[in-house]
Amino acid sequence: MTEKEARAEVERIARATAEAIDPEPELDLYRPSLNTRYCDPDHNGPGDPIYVYRAYYLRGIPKERLTDVAHQIRRFWEGQGYVIETSTADGRDLIARSRSTGFRLGLAETGDGVLSIDIGSPCVLPDAGSSPADT
């Protein structure tokens, strides 16, 4: 998988997750998540393996619906073949991964009562001539 393909898959997962939720939230990209993420902190130069990572706030979900929406997300991710590795009792915080692709997904509730999702790819080589944060 190339960096470009990983980036496209991360964005596809985020959009598909949002579209599967009722009420459908606005995806609000957490800009610092665009920073370069190296697979090995001791090898963090041009050409070293990276993983594509993005985090999004799910805006517009009423606070009284957070648990219901968290359960919708879990069911959607499980239906897409993700394995839930950890989950809190209320389901508002969980970690999932794909055994086949290596993508990892997380759901968390912020201190402000907003759900967020984060999506990370497996390690890939950066595209030639680009920085992982160019997008």
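This one's a predicted model, so the numbers in the text were calculated from it and none came from an experiment.

### Overview of the environment of Gly 81
In step 1: Looking at the element boundaries, Gly 81 is found in the loop between helix H2 (66–79) and strand E3 (82–87).
In step 2: As for Gly 81 and Arg 99, which are separated by 18 residues in sequence, their C-alpha atoms are 8.2 Å apart.

### Observations concerning the sheet that holds strand E2 (residues 53–59)
In step 1: Taken in spatial order, the six strands of this open sheet run E1-E2-E6-E5-E4-E3, and their pairing is antiparallel. The open sheet has two free edges, formed respectively by strand E1 (26–29) and E3, since each of these has just one partner strand. Along the sheet, successive strands turn relative to each other by an average axial angle of 25 degrees, direction set aside.
In step 2: In terms of strand pairing, E1 meets E2 through four bridges, oriented antiparallel. When the sheet's bridge partners are listed, Leu 29 is paired in E2 with Tyr 56.
In step 3: Of the strands in this sheet, E1, E2, E3, strand E5 (104–109) and strand E6 (115–120) touch helix H1 (residues 3–19), which is tilted by about 150 degrees from E6.
In step 4: Across the sheet, H2 touches E2, E3, strand E4 (94–98), E5 and E6, and the angle it forms with E5 is around 175 degrees.

### Some details on the side chain of Gln 72
In step 1: Looking at the secondary structure, you find Gln 72 in helix H2.
In step 2: In this structure the side chain of Gln 72 is engaged in a polar contact, spanning 2.8 Å, whose partner is the backbone nitrogen of Asp 22.
In step 3: Residues contacting Gln 72, with those up to four places away along its chain left out, are Ala 20, Ile 21, Asp 22 and Arg 65.

Procedures and definitions
- Residues numbered from 1 in each chain as written.
- Predicted model: local features only at pLDDT ≥ 70, side-chain atom pairs only at ≥ 80, totals over all residues.
- Heavy atoms only, no water.
- Helix = DSSP H or I, 4+ residues; strand = E, 2+ residues; numbered from the N terminus.
- Pairing = 2+ DSSP bridges.
- Axes fitted to C-alpha atoms, helices over the stretch in contact; angles between N-to-C directions.
- Contact = heavy atoms within 4.5 Å.
- Polar contact = N/O pair within 3.5 Å; in protein donor to acceptor, adjacent residues only side chain to side chain.

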